[in-house]
Amino acid sequence: MASPIVVMGVSGSGKSTVGAALAQRLRVPFADADDFHSQANIAKMTAGEPLNDDDRHPWLEAIGEWLAQHCGDGGVMSCSALRRKYRDQLRRHCPGVEFMHLSGTPDVIGKRQASRPGHFMPASLLASQFATLEPLEPDEGGIVIDVDQNIDSIIDNYVALSATRTTQQENR
């Protein structure tokens, strides 16, 4: 049974690009959490206002429902999932969901963000994203991957670390 994977991180970390490539490699469905935002959320972010928990709750519920539909057969979702409570909300829908945290410095992420003109998330919100980010805790199913490498290396590293982690869990 394959658990879905959430590719998480701050805006500009490469979640959508890496998520789509990972889904293709694993031959599973891919969805981008940006497509689950309400028009009100998109308008708020476009205006440079960070979302609050009330804005995020229905969005995370919709993402959780997608994950629930893919529990057991796998799938990849790109989603910021910046806080532990957001990841917990997703886990309530699919307890076995795995997280791939794309991690990078504000400088690296800022340069990546600047290279994607026209995205509704303005670079001005990057600081609020880093301020909100709560890294994966040891009891959360997930792997942290440095984004300062090419996409194939990111995916290769994740697949190798995931296989090692699975083997270690089976040997316990």
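The protein chain has the name Gluconokinase in an unreviewed UniProt entry, where Mycolicibacterium moriokaense is given as its organism. The heading Pathway (unreviewed entry) in the UniProt record of the protein chain holds the text "Carbohydrate acid metabolism."

S.K.: Which parts of the structure should I look at to understand the overall build of the protein chain?
M.R.: The helix and strand tally for the protein chain stands at 7 helices and 5 strands. Reading the helices (α) and strands (β) of the protein chain from amino to carboxyl end gives β-α-β-α-α-β-α-β-α-α-β-α. Within the protein chain, the fraction of its 172 residues that count as buried is 44%. Pairs at least 24 residues apart make up 75% of the contacts formed inside the protein chain by residues separated by at least 6 positions. As displayed, the protein chain offers around 8600 Å² of accessible surface, 51% of which is attributable to carbon and sulfur atoms.

S.K.: How should I be thinking about the side chain of His37 in this particular structure?
M.R.: Summarising the element assignment, His37 is placed in the loop between strand E2 (30-32) and helix H2 (39-46). Residue His37 is classed as buried on the basis of its relative accessible area of 10%. A distance of 3.3 Å separates polar atoms of two side chains, one belonging to His37 and the other to Asn41.

S.K.: When you look at the sheet that holds strand E1 (residues 5-8) in this model, what are you seeing that I'm missing?
M.R.: Two orientations exist for strands paired in a sheet by backbone hydrogen bonds: parallel and antiparallel. The sheet built from 5 strands is open, its strands ordered E2-E3-E1-E4-E5 with parallel pairing. Two strands close off the open sheet at either side, each with one partner strand: E2 and strand E5 (142-146). Put simply, the sheet's adjacent strands are angled 20 degrees from each other on average, direction ignored. As paired strands, strand E4 (residues 98-103) and E5 are joined by 5 bridges and run parallel to one another. Its bridge partner lying in E5, His101 is registered against Val144. The strands touched by helix H1 (residues 15-26) within the sheet are E1, E2, strand E3 (76-78) and E4, with E1 carrying the most contacts at an inclination of about 155 degrees. Against the sheet, helix H3 (residues 53-70) touches E1, E2 and E3, its axis set at about 165 degrees to E3.

S.K.: What am I meant to see in the pairing of E1 here?
M.R.: Burial of the side chains of E1 extends over both faces: Ile5 and Val7 are buried on one face and Val6 and Met8 on the other. Summarising the sheet, E1 and E4 pair through 4 bridges and their orientation is parallel. Counted as the bridge partner of Ile5 is Glu98 from E4.

S.K.: Got a minute to help me understand the pattern of salt bridges in this structure?
M.R.: Oppositely charged side chains can pair when the atoms bearing their charge come close. Inspection of every chain in the model, using the stated rule, returns 13 salt bridges. Its salt-bridge partner being Glu137, residue Arg84 comes within 3.1 Å of it at the nearest N-O pair. Remark: Glu137 occurs in the loop between helix H6 (126-132) and E5 and Arg84 occurs in helix H4 (residues 84-93); sequence separation between them is 53 residues. Under the relative-accessibility criterion, Arg84 is labelled buried at 18%. The exposure class of Glu137 is partly exposed, given its relative accessible area of 37%. Linking Asp139 and Arg84 is a salt bridge whose minimum nitrogen-to-oxygen distance equals 2.9 Å. With Asp139 in the loop between H6 and E5 and Arg84 in helix H4, this pair connects stretches of sequence that are 55 residues apart. Classification of Asp139 by relative accessible area gives exposed; the value is 57%. Each of Arg84, Arg87, Asp88, Arg91, Glu137, Asp139 and Glu140 takes part in salt bridges that share partners, so that together they form one network.

What counts, and where the lines are drawn
- Position numbers for residues count from 1 along each chain, tracking the sequence in the order it is written.
- The predicted nature of this model means local features are confined to residues of pLDDT at least 70 and side-chain atom pairs, given and counted, to a pLDDT of 80 or more, with totals for whole chains, interfaces and linings taken over all residues.
- Here the side-chain values reflect all heavy atoms present in the structure, with hydrogen atoms and water set aside.
- UniProt positions are given in the numbering used here, feature names are shortened, and annotations may be inferred rather than shown by experiment.
- Put simply, DSSP marks the helices as runs of H or I at least four residues long and the strands as runs of E at least two long, and each gets a number from the N terminus on.
- Whether a residue is buried, partly exposed or exposed follows from its accessible area with a 1.4 Å probe, protein chains only, as a fraction of its type maximum: under 20%, in between, or over 50%, in that order.
- For this analysis, residues touch if any pair of their heavy atoms sits within 4.5 Å.
- Throughout, the Shrake-Rupley method with a 1.4 Å probe supplies accessible areas, and for residues the shown protein chains are the sole cover considered.
- A 3.5 Å cut-off defines polar contacts: any pair of N or O atoms within that distance qualifies, except that in protein one atom must be a possible hydrogen donor and the other a possible acceptor, and neighbouring residues in sequence count only when both atoms are side-chain atoms.
- Paired strands, in this sense, are two strands between which DSSP finds at least two bridges.
- Every axis in this analysis is a line fitted to C-alpha atoms, fitted for helices over the stretch in contact. Angles between the N-to-C directions lie between 0 and 180 degrees.
- Definition used for salt bridges: Asp or Glu carboxyl oxygen within 4 Å of a side-chain nitrogen of Lys or Arg.

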